[in-house]
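Single-letter residue listing:
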Amino acid sequence: MDSISFCGGVLMSEPDDGDAIRTDIVQLARLSLAASEEDIRLYVARLVRKYRAINPDLSLSLNQLLKKSPENQRSILREDQETNDLSSITMKRGEGFFFQPQPDEVLQKPILSEPLERQLQQVIREYQSAEKLRLAGLEPSSTLVFVGLPGIGKTLSARWLANQLNLPVYILDLAAIMGSYLGQTGANLKNALAFAKEKPCVLLLDEIDALVKKRNDDSDIGEVKRIVTVMLQEIDLWPSRSILIAATNHPELVDPALWRRFDHILEFDPPTKELTRKAIISFLGDSYDTFANYLDILELLLEGLTFSDIERQITRIRRLMIIEGTDPWGAIIGSLGRDIATKKNRVEIAKLLMKNRDISQHKISELTGVSRDTLRKFKP
């Protein structure tokens, strides 16, 4: 289920200017075809701000178009600093702060440790038994914290949870929330959360540490304290018919008062050896039988990587084998590099290769640098 922009909200973190411009053009076309004039104006206004530093000519041209439009009397970019009127620079529509993954027919279940999966299943059971709990004077868990490094399943788990509960999922667009004007970020956050509370959903606040930091920074002028206060109030008022998830890679940066408001804190640890193997098997998909004799080697070579990195490497290997018409080991070498034997324990790789009768001792010695005399000692 790929994440795409929703009603003007877009993830503005493309790898280069060319990709960014292409993405922005596609989004403008999507909004135009939807005949959403207000969203088009909002989106163009955001592009003006986005390209002001990196492409001033483009920013100026877009701004001139906005000023010539029929609504120039109430320009989205009007800056009234004297009255501190945020209405002109704050998104009018709450949905503009989100990008929303579109539903897939089949959503792959995240690869989780047993304790983590039990915790998520508990949340699902509570939500599905909400009426029973309310009859007993209780509410189901509705606020969660996902803690862990990037690429180990936090976003996928949020989407999978929404899928299991048959709820729409919204992911907060930090690029839309963050503002340079005093009080703007807090106002945007409150507006976004108010929209999300209108109907049952799963809301993911990704990288919450970038938004709600500890309130001990003497250099700030109160903005951090305002944002934390808004967030604390919104959590206290969060409806139990929805699930609020805050994800972070740096929990130590987040104000401790925030954590105390959440029902559960779920730790996403780096993949263990067992989960690494499980991930390899999962990502091999239809190619599993082809690579079955190389699972131990792949596990050794990919150990220590995140799930997203494992998926990326396995996908590269599968593509290379199809394109080049090579054998499995040739695809592994071609994708991961011919010096992979030096990146890990060469002897361990040689031992594993000796179990595979498709590769000669001479070839194994050439690949690993381990002498044939030593290899003979490993012969099954």
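Residues numbered from 1 in each chain as written. Predicted model: local features only at pLDDT ≥ 70, side-chain atom pairs only at ≥ 80, totals over all residues. Heavy atoms only, no water.

Draft legend 1. Representation of the environment of Ser-59. With respect to the helices and strands, the residue Ser-59 is situated in helix 3 (residues 56-68). In sequence terms Ser-59 and Leu-47 are 12 residues apart; their C-alpha atoms lie 7.0 Å from each other. Apart from the residues within four sequence positions on either side, Ser-59 is in contact with Val-48, Tyr-51 and Arg-52. (Helix = DSSP H or I, 4+ residues; strand = E, 2+ residues; numbered from the N terminus. Contact = heavy atoms within 4.5 Å.)

Draft legend 2. A look at the packing of aromatic side chains. Evaluated as defined, the whole model comprises 3 aromatic pairs. A centroid spacing of 5.9 Å and a plane angle of 75° characterise the contact between Tyr-170 and Phe-195, whose relative ring orientation is edge-to-face. Linking Tyr-170 in strand 3 (residues 169-172) with Phe-195 in helix 8 (residues 184-196), this pair joins segments that are 25 residues apart in sequence. Each member of the pair, Tyr-170 together with Phe-195, is buried. (Phe/Tyr/Trp six-rings, centres within 6.5 Å; stacked < 30°, edge-to-face > 60°. Buried < 20%, exposed > 50% of the residue type's maximum accessible area, 1.4 Å probe, protein only.)

Draft legend 3. The arrangement of the nonpolar core in detail. In terms of nonpolar packing, the biggest core is built from 58 residues, with Phe-146, Ile-243, Ile-245 and Ile-332 touching the most fellow members. When residues of this core are assigned to their parent elements, the largest contribution, 6 residues, is made by helix 13 (residues 295-302). Once residues lying within four places of it in the same chain are set aside, the contact partners of Ile-245 are Leu-144, Phe-146, Ala-158, Leu-161, Val-202, Leu-203, Leu-204 and Leu-205. Cys-201, Leu-232, Leu-244 and Trp-259 belong to the second largest nonpolar core, which has 35 residues in total. (Core = buried A, V, L, I, M, F, W, Y, C linked by side-chain atoms within 4.5 Å.)

Draft legend 4. Region of interest: the environment of Arg-226. Turning to its location among the elements, Arg-226 is positioned in helix 9 (residues 223-236). The sequence separation of Arg-226 and Ala-187 amounts to 39 residues, and the corresponding C-alpha distance is 9.3 Å.

Draft legend 5. Spatial organisation of unusual backbone geometry. A positive phi angle is found at Asn-166, which is not glycine, with a value near 60°. Its location among the elements puts Asn-166 in the loop between helix 6 (154-165) and strand 3. Exposure remark for Asn-166: the relative accessible area of 70% places this residue in the exposed category.

Draft legend 6. Broad picture of the confidence of the model for the chain. Averaged over the chain, the pLDDT score is 75; the fraction of residues at 70 or greater is 71%. Overall, residues 1-16 carries pLDDT values under 50, and its contacts beyond four positions in sequence, including any with other chains, amount to 52 contacts. pLDDT under 50 marks residues 70-93. Its contacts with residues more than four places away, or in other chains, come to 48 contacts. (pLDDT = per-residue confidence, 0-100.)

Draft legend 7. How the structure looks around the pattern of salt bridges. Applying the stated rule across the entire model yields 9 salt bridges. Here Lys-109 ties to Glu-117 by a salt bridge, and the two come within 2.4 Å at their closest N and O atoms. Residue classification places Lys-109 among the partly exposed positions, given a relative accessible area of 39%. Look at Glu-117 and you get partly exposed, because its relative accessible area is 21%. The salt bridge partner of Asp-236 is Arg-261, with a shortest N-O separation of 3.0 Å. Of this pair, Asp-236 sits in helix 9 while Arg-261 sits in the loop between helix 10 (256-259) and strand 6 (264-268), and the two are 25 residues apart along the sequence. According to the relative accessible area criterion, Arg-261 is partly exposed, its value standing at 33%. Among the ionic contacts, a cluster of salt bridges with common partners joins Lys-273, Arg-277, Asp-296 and Glu-299. (Salt bridge = Lys/Arg side-chain N within 4 Å of Asp/Glu carboxyl O.)

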